[in-house]
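Each chain is listed here by its residues.
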Amino acid sequence: MFGDIARFLLNTVFTLFGAALILRAWMQVVRLPPYNPVSNAIFHATNWLVLPLRRALPSGRRVDVASIVAVLLSAIVYVVAMVAIAGVDPLGFAPVIALVSLLTVVKWALNLIIWLTILMALLSWLNPHSPAMPILYQLTAPFLNPLRRVIPNLGGIDLSPILLFVIVQVLLMVVTRAAVSLTLFGI
């Protein structure tokens, strides 16, 4: 029972933190203005890891290398902790841990896309004039706009979030299956 609780807590904490790091990097790619409540919250939650890395790593105009390295480091720590909780020696699984860590980052990014899409869809129905809508639209537009070109607009109903949700869920199944097949302990 302790192992299940520890895995749940580790998964929750690291998934939220990993999503925040990915969101931080993604905000720079889509050029989200840094002076909004969402950006400030993400910066405050991740500065302790990203700022020291930024001093050592160069940053591109559109790519936040420090945030990407931070999310990879977080995934490695997460996978090593999960391996240790499973009672397996992490050093014996070093190459597998590297690959599973990369798959974990992909999984966190896919989960982030799902949650941002769900939040945007709910807000568009409940409160389309919410101050969060422009932020959510800017974050999800690179994923939804190509789908909007393919799916016709049905009388004001946008089905692209549903299609994106289905595509991302299928990708999540593939990534999760790959990570589980590489390990005996399931991450």
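The notes below deal with the structure included here. (Residues numbered from 1 in each chain as written. Predicted model: local features only at pLDDT ≥ 70, side-chain atom pairs only at ≥ 80, totals over all residues. Heavy atoms only, no water.)

## Points about the overall build of the protein chain
Summing up its helical and strand segments, the protein chain has six helices and zero strands in all. When the helices and strands of the protein chain are listed from N to C terminus, the series reads α-α-α-α-α-α. Viewed in the frame of its principal axes, the protein chain has a C-alpha envelope of about 55 × 35 × 30 Å. Counting over 187 residues, the protein chain shows a buried share of 37%. Within the protein chain, contacts between residues at least 6 apart in sequence are counted, and of these 64% link residues at least 24 apart. For the protein chain, the accessible area works out to roughly 10,800 Å², and carbon and sulfur atoms hold 75% of it. (Helix = DSSP H or I, 4+ residues; strand = E, 2+ residues; numbered from the N terminus. Buried < 20%, exposed > 50% of the residue type's maximum accessible area, 1.4 Å probe, protein only. Contact = heavy atoms within 4.5 Å. Areas by Shrake-Rupley, 256 points an atom, 1.4 Å probe, with all protein chains shown as cover.)

## Remarks on the layout of surface pockets
Of the voids in this model, the largest pocket is the one considered here, and its volume is about 350 Å³. A19, L23, L112, W115 and L116 are, among the 17 residues lining the largest pocket, the residues nearest its centre. Listed by contribution, the elements that provide at least two residues to the lining of the largest pocket are α1 (2–29), α2 (37–56), α4 (94–126) and α5 (133–150). No other element matches the six residues that α4 contributes to the lining of the largest pocket. Within the lining of the largest pocket, the residues separate by chemical class into 15 nonpolar, two polar and no charged. (1 Å grid on protein atoms, 1.4 Å probe; cavity = no way out; pocket = protein on both sides within 12 Å on 5 of 7 lines; lining within 4 Å. Points joined across faces, edges and corners; volume = space filled by probe spheres on them. Nonpolar A, V, L, I, M, F, W, Y, C, P; charged D, E, K, R; others polar.)

## Regarding the packing of α1 against helix α3 (residues 65–85)
How two helices pack is summed up by the angle between their axes together with the distance between the axes. As a packed pair, α1 and α3 sit with axes 9 Å apart at the nearest point and diverge in direction by 170°. When the axes of α1 and α3 are compared, the pair comes out roughly antiparallel. The residues of α3 that touch α1, namely those facing G3, A6, R7, L10, N11, F14, F17, G18, L21, I22, R24 and A25, are S67, I68, A70, V71, S74, V77, Y78, A81, M82 and I85. (Axes fitted to C-alpha atoms, helices over the stretch in contact; angles between N-to-C directions. Parallel < 35°, antiparallel > 145°, perpendicular 65-115°, else oblique.)

## Remarks on the packing of α5 against helix α6 (residues 160–182)
In the contact formed by α5 and α6, the axes pass within 9 Å of each other and the chain directions differ by 115°. Taken as axis vectors, α5 and α6 run roughly perpendicular relative to one another. Crossing angle aside, the handedness with which α5 passes α6 is right-handed. In this structure, α5 contributes F143, L144, L147 and R148 to the contact, and α6 contributes S160, P161, L163, L164 and I167. (Left-handed = near helix turned anticlockwise from the far one by under 90°.)

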